[in-house]
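Chain and residue survey
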Amino acid sequence: MTDYIKKYLCVCILIVSLSCQQTISKNDIIQTASSVNQKDDCDNPDANINCCFKNMPERLTSTMVIPSNDSNGEKMVLNGTIYKKDKSTPYPNIILYAYHTDSKGEYSKKGNEKEVQKWHGSHYGWCKTDENGNYRIETIRPASYPGTTNPAHIHAAVKTQDKQVPFYITDFVFKDDPLLTKIQPNKFSYQGGTGVVDVKKVNNVWIGKWDIILN
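Calculation criteria
- Residues numbered from 1 in each chain as written.
- Predicted model: local features only at pLDDT ≥ 70, side-chain atom pairs only at ≥ 80, totals over all residues.
- Heavy atoms only, no water.
- Disulfide = S-S within 2.5 Å.
- Buried < 20%, exposed > 50% of the residue type's maximum accessible area, 1.4 Å probe, protein only.
- pLDDT = per-residue confidence, 0-100.
- Contact = heavy atoms within 4.5 Å.
- Helix = DSSP H or I, 4+ residues; strand = E, 2+ residues; numbered from the N terminus.
- Pairing = 2+ DSSP bridges.
- Salt bridge = Lys/Arg side-chain N within 4 Å of Asp/Glu carboxyl O.
- Core = buried A, V, L, I, M, F, W, Y, C linked by side-chain atoms within 4.5 Å.

Focus: the state of the cysteines
Scanning the model with the defined rule gives one disulfide in all. Here cysteine 42 connects covalently by a disulfide to cysteine 51, the sulfurs 2.1 Å from one another. One disulfide, between cysteine 42 and cysteine 51, carries an S-S torsion of -75 degrees and so falls in the left-handed class. Judged on exposure class, the residue cysteine 42 and its partner cysteine 51 are both buried.

What follows is the structure, given as structure tokens:
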């Protein structure tokens, strides 16, 4: 083998080697960028409140239906009117998000939950108040967290058209809950009122009403 051929082969090997290194480097960059892009801040138990409204349907009615395959769950219907701070003017087009535990007090999952709903469980939904500010929630009655003295409750947040940032409101709690004391309702107060709903069982369905006042 002549010196010329040896030199030619060395150059070819060097070119191929550099080409492979560049390819690997580019792939690493692409994979790293993809990994960064796939990071989802909403897949977090302490996610920003905006995440509660990220996966809602494009069209909402004033009725929130939360399907449940919980065989021990007791059906419950909650309704009411959302008012402005004057306590008399109905607040239309308010988006209400709610989520709660199952009949065992757990945030059970179906497996198709996305992002923040992975932490909120399968019992969640949205609705939008009608022109009279009315809303309705059809779900099952939640239970208290196992092994705690916290009363059963439904977490809720609202999104208004005149405020850019959504906000949490007082949790729904139930007047007949033995864990609910005279002091405890204040513990759950954010905005909206005490959150205490007087529920009655009618034809095996818990019925309750709570009018929410937004400041």
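From this point on, the discussion continues.
Comments concerning the confidence of the model for the chain
Summary statistics for the chain give a mean pLDDT of 84 and a share of 78% for residues scoring 70 or more. In the model, residues 4–38 has pLDDT below 50 throughout and makes two contacts with residues more than four positions away in sequence or in other chains.

Notes on the pairing of strand β2 (residues 75–83)
Counting buried positions over the nine residues of β2 gives seven, a clear majority of the element. Pairing analysis gives seven bridges linking β2 to strand β5 (residues 134–140), with the strands arranged antiparallel. Counted as the bridge partner of threonine 81 is asparagine 134 from β5. Pairing analysis gives four bridges linking β2 to strand β9 (residues 205–209), with the strands arranged parallel. When the sheet's bridge partners are listed, leucine 78 is paired in β9 with glycine 208. As paired elements, β2 and strand β10 (residues 212–213) share two bridges and run parallel to each other. Bridge pairing in β10 links tyrosine 83 to isoleucine 213.

Focus on the pattern of salt bridges
Applying the stated criterion to the full structure yields six salt bridges. For aspartate 43, the salt bridge goes to lysine 118, with nearest N and O atoms at 3.2 Å. Pair noted here: aspartate 43 is in the loop between α1 (3–38) and β1 (63–65) and lysine 118 is in helix α2 (residues 117–120), with a separation of 75 residues, a long-range link. Lysine 201 is paired through a salt bridge with glutamate 74; the nearest N and O atoms lie 2.6 Å apart. Here lysine 201, found in strand β8 (residues 196–202), pairs with glutamate 74, found in the loop between β1 and β2; they are 127 residues apart in sequence, far enough to count as distant. On the accessibility criterion, lysine 201 (42% relative accessible area) is partly exposed. Taking the relative accessible area as the measure of exposure, glutamate 74 reaches 34% and is therefore partly exposed.

Considerations on the nonpolar core
Ranked by internal contacts, the top residues of the largest apolar core, which has 26 residues, are Leu78, Leu96, Tyr135, Ile169, Phe172 and Leu214. For this core, the elements supplying multiple residues, two or more each, are β2, β3 (95–100), β5, β6 (154–159), β7 (167–174) and β8. At four residues, β7 tops the list of elements feeding residues into this core. Of all hydrophobic cores here, the second largest spans eight residues; its members include Phe53, Ile95, Tyr99 and Trp126.

A few points about the environment of tryptophan 210
Residue position: tryptophan 210 is located in the loop between β9 and β10. Sequence separation of tryptophan 210 and valine 197 is 13 residues, and the distance between their C-alpha atoms is 5.8 Å.

A closer look at the pairing of β3
Across the six residues of β3, six count as buried, placing the element largely inside the fold. Pairing analysis gives five bridges linking β3 to strand β4 (residues 124–128), with the strands arranged antiparallel. Bridge assignment links tyrosine 97 to a residue of β4, and that residue is tryptophan 126. Note that β3 and β6 share six bridges and pair antiparallel.

Here we look at unusual backbone geometry
Residues other than glycine seldom take positive phi values, yet lysine 87 does so here, at roughly 70 degrees. By the element assignment, lysine 87 lies in the loop between β2 and β3. In this structure lysine 87 comes out as exposed when scored by relative accessible area, which is 60%. For glutamate 115, which is not glycine, the phi torsion reads 50 degrees and is therefore positive. Here glutamate 115 shows up in the loop between β3 and α2.

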